[in-house]
Amino acid sequence: MSNARPTPNRRRREIDPEEEARIEAFAQQAETLRPAQPEPEPQAAKAPAPIHAERSTQPAKAPKDKSYTFRMTEDTLNELRDAAAEEDRSIQWVFDRILLPAIRNRRATN
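Residues numbered from 1 in each chain as written. Predicted model: local features only at pLDDT ≥ 70, side-chain atom pairs only at ≥ 80, totals over all residues. Heavy atoms only, no water.

A. Expanded view of the overall build of the chain. Looking only at helices and strands, one finds four helices and zero strands in the chain. Mapped in sequence order, the helices and strands of the chain form the string α-α-α-α. Looking at the chain as a whole, 3% of its 110 residues are labelled buried. Accessible area of the chain: about 11800 Å², with a carbon and sulfur share of 52%. (Helix = DSSP H or I, 4+ residues; strand = E, 2+ residues; numbered from the N terminus. Buried < 20%, exposed > 50% of the residue type's maximum accessible area, 1.4 Å probe, protein only. Areas by Shrake-Rupley, 256 points an atom, 1.4 Å probe, with all protein chains shown as cover.)

B. Representation of the packing of aromatic side chains. This structure, assessed with the given rule, holds one aromatic pair. Centroid distance Phe70 to Phe95: 5.7 Å. Interplanar angle 45°. Geometry classified as tilted. Here Phe95 lies in helix 4 (residues 91-109) and Phe70 lies in the loop between helix 2 (53-57) and helix 3 (74-87), a separation of 25 residues in the sequence. Residue class for Phe70 comes out exposed when judged on its relative accessible area of 54%. (Phe/Tyr/Trp six-rings, centres within 6.5 Å; stacked < 30°, edge-to-face > 60°.)

C. Examining the packing of helix 3 against helix 4 more closely. Contact geometry of helix 3 with helix 4 gives a least axis separation of 9 Å together with a crossing angle of 90°. As far as their axial angle goes, helix 4 and helix 3 are roughly perpendicular. Residues Leu80, Arg81, Ala83, Ala84 and Glu87 of helix 3 form the contact with helix 4, whose participating residues are Ile91, Trp93, Val94, Ile98 and Leu99. A class-by-class count of the residues in the contact of helix 3 with helix 4 yields eight nonpolar, no polar and two charged. (Axes fitted to C-alpha atoms, helices over the stretch in contact; angles between N-to-C directions. Parallel < 35°, antiparallel > 145°, perpendicular 65-115°, else oblique. Contact = heavy atoms within 4.5 Å. Nonpolar A, V, L, I, M, F, W, Y, C, P; charged D, E, K, R; others polar.)

D. Highlighting unusual backbone geometry. Here Asp88, not a glycine, exhibits a phi torsion of approximately 55°, which is positive. Residue position: Asp88 is located in the loop between helix 3 and helix 4.

E. Molecular detail of a nonpolar patch on the surface. Where nonpolar side chains cluster on the molecular surface, the patch consists of Tyr68, Phe70 and Met72 and spans about 380 Å² of accessible area. Tracing the chain through its elements places Tyr68 in the loop between helix 2 and helix 3. Residue classification places Tyr68 among the exposed positions, given a relative accessible area of 63%. (Patch = residues over 30% accessible without salt bridge, like charges linked within 9 Å, V, L, I, M, F, W, Y side chains within 5 Å. Salt bridge = Lys/Arg side-chain N within 4 Å of Asp/Glu carboxyl O.)

F. View of the confidence of the model for the chain. With 62% of its residues at a pLDDT of 70 or more, the chain has an overall mean of 77. Across the chain, the element-wise mean pLDDT spans from 57 in helix 2 up to 91 in helix 3. (pLDDT = per-residue confidence, 0-100.)

G. Quick peek at the environment of Ser90. Structurally, Ser90 is set in the loop between helix 3 and helix 4. Polar side-chain contacts of Ser90 include one of 3.1 Å to the backbone nitrogen of Trp93. (Polar contact = N/O pair within 3.5 Å; in protein donor to acceptor, adjacent residues only side chain to side chain.)

H. Representation of the environment of Ile15 in the model. Tracing the backbone through its elements, the reader meets Ile15 in the segment before helix 1 (17-32). Apart from residues no more than four positions distant in its own chain, Ile15 is found in contact with Glu20 and Ile23.

I. Region of interest: helix 3. Compared with an ideal rise of 1.5 Å per residue, which puts 14 residues at 20 Å, helix 3 spans 20 Å between its outermost C-alpha atoms and is within 8% of the ideal. Looking one or two residues past helix 3, Asp88 carries a phi angle of roughly 55°, positive in sign. (Expected span 1.5 Å × (residues − 1).)

Encoded structure:
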């Protein structure tokens, strides 16, 4: 059995000479046309949207680009889900706001 791929058929199908002429005329027209220039907008319309003060005072967050898998028992997972449900938040929020601060406090006291 050969691993070589078959060469694609690169032959063009035969086209009626009239259709070929229409295609060529269309291609020439497309090459010669220039896109219409939009009318310049008044300066008032170009003003940038206002930036909200609370957005500019918040520090930039580091991108979250890592993913980790935690192995746990079904009971532990249910406890984590219950904690998230009590706070009406996601498991990630519970991890970021409850578990990580607890780990940091534990390290600080040891």
